[in-house]
Amino acid sequence: MPKLKTNRAAAKRFRATASGKYKRGNSHKRHILTKKSSKRKRQLRGGDMVVAQDHGRVKQMLPWS
């Protein structure tokens, strides 16, 4: 069976955890920040987890995980 190519865009956006879940970053924190409240910007810091319904898609793009 041939080696599978990793989707490089997905590799930059997702990381696998030890428990087999996937971490992701948050969107909407790049520009036009003046109209967004401090609370909203603060809550966009850090990461979040990929929902279970999307695990199959992410796993397909990252064959090594």
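Now for a look at the structure at hand. (Residues numbered from 1 in each chain as written. Predicted model: local features only at pLDDT ≥ 70, side-chain atom pairs only at ≥ 80, totals over all residues. Heavy atoms only, no water.)

**Brief notes about the overall build of the protein**
Condition: Every helix listed is a DSSP run of H or I at least four residues long, and every strand listed is a run of E at least two residues long, numbered separately from the N terminus. Relative accessibility decides the category of a residue: with a 1.4 Å probe and only protein chains considered, values under 20% of the type maximum give buried, values over 50% give exposed, and everything between is partly exposed.
Within the protein one finds three helices and three strands. In the protein, the order of α-helices and β-strands from amino to carboxyl end is α-β-β-α-β-α. Projected onto its principal axes, the C-alpha positions of the protein cover 50 × 25 × 20 Å. Counting over 65 residues, the protein shows a buried share of 14%.

**Section: the pattern of salt bridges**
Which entries qualify depends on this criterion: Only one rule defines a salt bridge in this text: a Lys or Arg side-chain nitrogen within 4 Å of an Asp or Glu carboxyl oxygen.
Under the definition given, this model contains two salt bridges. In this structure, Asp48 engages Arg24 in a salt bridge whose closest nitrogen and oxygen atoms are separated by 3.3 Å. Of this pair, Asp48 sits in strand β3 (residues 47-49) while Arg24 sits in strand β2 (residues 22-25), and the two are 24 residues apart along the sequence. Note that Arg57 and Asp54 form a salt bridge whose closest N and O atoms lie 2.9 Å from each other. What makes Asp54 partly exposed here is its relative accessible area of 27%.

**As for a positive patch on the surface**
Selection criterion: Exposure above 30% relative accessible area and no salt bridge define the residues that can form patches, which grow by joining like charges within 9 Å and nonpolar side chains of Val, Leu, Ile, Met, Phe, Trp and Tyr within 5 Å. For every accessible area listed, the method is Shrake-Rupley and the probe measures 1.4 Å; residues are considered covered only by the protein chains on display. For the purpose of charge, His is not counted, nor are the chain termini; Lys and Arg are scored as positive and Asp and Glu as negative. To locate a charge, take atom NZ for lysine, CZ for arginine, CG for aspartate or CD for glutamate.
Positive charge collects at one region of the surface, where Arg8, Lys12, Arg13, Arg15 and Lys23 lie side by side. The leading source of residues in the positive patch is helix α1 (residues 8-13), at three residues. Inspection of the secondary structure puts Arg13 in helix α1. What makes Arg13 exposed here is its relative accessible area of 55%.

Any link to function would need more than the numbers given here.
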